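As a plain string of letters, each chain reads:
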Amino acid sequence: MSDVAIGGLGLAGILVLLALRVPIAFALIGVSIAGLWALLGERPALGSLRTIPYQFVAHWSLSAIPMFLLMGSVAYHSGIVSSLYTAARLWLCRLPGGLAIASNFACAGFAAASGSSVATASAMGRIAVPEMLRYRYDPGLATGVVAAAGTLGSLIPPSILMILYGTFAEASIGKLMIAGILPGILTAVIYAAMIWLRCVIRPELAPPVDINPTLRERMQALAQVWPMPLLILGVIGGLYGGYVTATEAGALGAFLALVIAAFYGRLNWTVLRASIVDTVTGTAVIFFVSIGAVMLSRFVALSGVPDAIVELFGAGGLQGYSVVLFCGLVFLFLGMFLDPIGLMLIALPVMLPIIDQSGFDLIWFGILTIKFVEIGLITPPVGLSVYTIKTVVGDKVALTQIFRGIGWFLVCELLVVALLVIFPQIALFLPGLMS
């Protein structure tokens, strides 16, 4: 059997194992070891099992992951997130669909302190969905907006997926994060415009709320939000100005979150313990899957599968943006079944050589990759963000209602992807200004 055939058989084996509900990390590591054994023999395969995990975990840039997770956990457990939603609710409640629009922008704000789509959806789902249901909002809209806007945690910096992409693509993580700012804002604005328009056309989706806050109440609520802009400016400003690296920005963000929580008198043992447990658990899951992906990348590269696919594209006449379209379709298909980290880490070892060979900017393709992963988070039948919201709301809203509420947000996501493809400078403008 040829090396390419072994590589193709290994990739097919991973899909079979995932279909059998084998955990992603075990599937990746098991197939990679078996593949390396078939290609190189027993000793190189077992040697890879000893060396690759250490080499990956010891990568300095990845130390930003637990730091950003800690920053988001402290922001959530100390109540900074609830203050953000309260202010957005008081300022936007009089608009058609105002609570949904407020939830959308609050998700975008928390995404800038979280770095995780699932964490954003989970945190905002607990705060925003019950409030919208209390005011008789359509259950599909109430849950759909948080499930969709929660995915901004992958796009708006800091983003854990961007750290992983930058590590695999050997691209600047700082530039990747800055590149996500304008696409993230654009996505949130398009979501808000769609919600407003739908609620103007169909007022029954979002009945008017009996909240009439005074200007003083609004300003008082706004005054409680200052920690979030401080976190965002500390992280993004430091990255954009070149004062800190992505790793240092994570440490700075975690430090600022702890200082702010202490300033408010909310940094007690309960908050600290819950934040550390969340951080350790999340880091362990991410690293375990990532180690499997690194081993898969080594196996796939040695088998020659990427080179064979590049040659296949050339023979089939796939060039230019048709390659990007093909990669997008693969991401969208696999996103129906895989979680975001597993999806990205399985696909990148095969796709990055193709994109690099085609001459596309890896920063721009990184943003597109995150968008494709976002869409996968809300696409049936898996839709991890949707299931996160379902876990939060329990029996109050049926899973079918949440997926129906997602439909219009999927349309918005495809519109944003189209704009990024037609106007790449949406993603590349800010990184181009960095020193």
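Residues numbered from 1 in each chain as written. Predicted model: local features only at pLDDT ≥ 70, side-chain atom pairs only at ≥ 80, totals over all residues. Heavy atoms only, no water.

Focus on the overall build of the protein chain
Of regular secondary structure, the protein chain possesses 22 helices and zero strands. The C-alpha radius of gyration of the protein chain comes to 22 Å, within 12% of the 22 Å expected for a compact globule of 435 residues. With the C-alpha coordinates of the protein chain rotated into their principal frame, the extents come out at 75 × 45 × 45 Å. Expressed as a percentage of the 435 residues in the protein chain, the buried residues total 56%. (Helix = DSSP H or I, 4+ residues; strand = E, 2+ residues; numbered from the N terminus. Rg over C-alpha atoms; globule rule 2.2 N^0.38 Å. Buried < 20%, exposed > 50% of the residue type's maximum accessible area, 1.4 Å probe, protein only.)

Section: the packing of helix H3 (residues 42-57) against helix H15 (residues 269-303)
Where H3 contacts H15, the axes come no closer than 10 Å and their chain directions differ by 120°. The orientation of H3 relative to H15 falls into the category oblique. In this structure, H3 meets H15 at a crossing whose hand is right-handed. Two secondary-structure elements touch here, H3 through Ser48, Leu49, Ile52, Pro53, Gln55, Phe56 and Val57 and H15 through Phe287, Ser290, Ile291, Val294, Met295 and Arg298. Residues that form the contact of H3 with H15 fall into these classes: nine nonpolar, three polar and one charged. (Axes fitted to C-alpha atoms, helices over the stretch in contact; angles between N-to-C directions. Parallel < 35°, antiparallel > 145°, perpendicular 65-115°, else oblique. Left-handed = near helix turned anticlockwise from the far one by under 90°. Contact = heavy atoms within 4.5 Å. Nonpolar A, V, L, I, M, F, W, Y, C, P; charged D, E, K, R; others polar.)

Focus on the pattern of salt bridges
Counted according to the given criterion, the structure contains four salt bridges. As a salt-bridge pair, Lys371 and Glu413 come within 2.6 Å of each other at their nearest N and O atoms. On the criterion of sequence distance, the pair formed by Lys371 in helix H19 (residues 362-377) and Glu413 in helix H21 (residues 399-422) is long-range, its members being 42 residues apart. Residue Lys371 is classed as buried on the basis of its relative accessible area of 0%. (Salt bridge = Lys/Arg side-chain N within 4 Å of Asp/Glu carboxyl O.)

Some remarks on the domain arrangement of the protein chain
Entries for the protein chain in the domain assignment read domain 1 (1-58 + 292-303) and domain 2 (59-267 + 304-433). Contact residues are listed per partner, giving 21 residues for domain 1 and 16 residues for domain 2. Together domain 1 and domain 2 conceal approximately 1,300 Å² of surface at their shared face, both sides included; 78% is due to carbon and sulfur atoms. Across the domain 1-domain 2 interface, the total number found is zero salt bridges. Taken together, domain 1 and domain 2 are joined by zero residue pairs in polar contact (both at pLDDT 80 or more). Secondary-structure elements contributing two or more residues to the side of domain 1 that touches domain 2 are helix H1 (3-19), helix H2 (24-40), H3 and H15. Element by element, the count of residues in the side of domain 1 that touches domain 2 is highest for H15, at eight residues. A per-class count over the side of domain 1 that touches domain 2 returns 16 nonpolar, five polar and no charged. (Domains from an automatic or database assignment. Buried area = accessible area lost by both parts, 1.4 Å probe. Polar contact = N/O pair within 3.5 Å; in protein donor to acceptor, adjacent residues only side chain to side chain.)

A few points about H19
If you check H19, its first and last C-alpha atoms are 22 Å apart, about what 16 residues at 1.5 Å a residue would give, namely 22 Å. Where H19 starts, the residue carrying a side-chain oxygen 2.7 Å from the main-chain nitrogen of Ile363 turns out to be Asp361. (Expected span 1.5 Å × (residues − 1).)

Structural notes on the side chain of Ser32
By the secondary structure assignment, Ser32 is in helix H2. Non-local contacts of Ser32, meaning those with residues more than four positions away in its chain, are made with Gly292, Met295, Leu296 and Phe299.

A word on helix H22 (residues 425-433)
In an α-helix, one turn spans 3.6 residues, which is why side chains three or four residues apart end up on the same side. Taken residue by residue, H22 has Ala427, Leu428, Leu430 and Pro431 as its buried positions. Angular distribution of buried residues about the axis of H22 spans 160°; they occupy a single face of the element. Packing partners of the buried residues in H22 comprise helix H10 (173-179), helix H11 (181-201), helix H13 (227-241), H19 and H21. (Arc of directions from axis to C-beta.)

Brief notes about the packing of aromatic side chains
Applying the stated criterion across every chain, the model contains three aromatic pairs. Summarising the aromatic geometry, the rings of Phe26 and Phe288 are spaced 5.6 Å apart at their centres and angled 85° between planes, so their arrangement reads as edge-to-face. With Phe26 in helix H2 and Phe288 in helix H15, this residue pair connects regions lying 262 residues apart in the sequence. Taking the relative accessible area as the measure of exposure, Phe26 reaches 52% and is therefore exposed. The ring of Trp91 is capped by Arg218, whose NZ or CZ atom sits 5.6 Å from the centre of that ring. (Phe/Tyr/Trp six-rings, centres within 6.5 Å; stacked < 30°, edge-to-face > 60°. Lys NZ or Arg CZ within 6 Å of the ring centre and 35° of its normal.)

Looking at the confidence of the model for the protein chain
Residues of the protein chain with pLDDT of at least 70 account for 94%, and the chain-wide mean is 82. Per-element averaging of pLDDT across the protein chain places helix H16 (residues 305-316) at the bottom with 61 and H11 at the top with 94. (pLDDT = per-residue confidence, 0-100.)

What to know about the environment of Val235
Relative to the assigned elements, Val235 resides in helix H13. Between the alpha carbons of Val235 and Lys371 there is a distance of 22 Å; along the sequence they are 136 residues apart. Aside from chain neighbours lying at most four places away, what touches Val235 is Phe68, Met71, Pro158, Ala249 and Gly253.

Description of the packing of helix H8 (residues 139-149) against H21
The interhelical angle for the contact between H8 and H21, taken along N-to-C directions, is 65°, at an axis separation of 7 Å. Along this stretch, H8 crosses H21, giving a crossing that reads as right-handed. In this structure, H8 contributes Pro139, Gly140, Thr143, Gly144, Val145, Ala147 and Ala148 to the contact, and H21 contributes Gln401, Ile402, Gly405, Ile406 and Phe409. Partitioning the contact of H8 with H21 into residue classes produces seven nonpolar, five polar and no charged.

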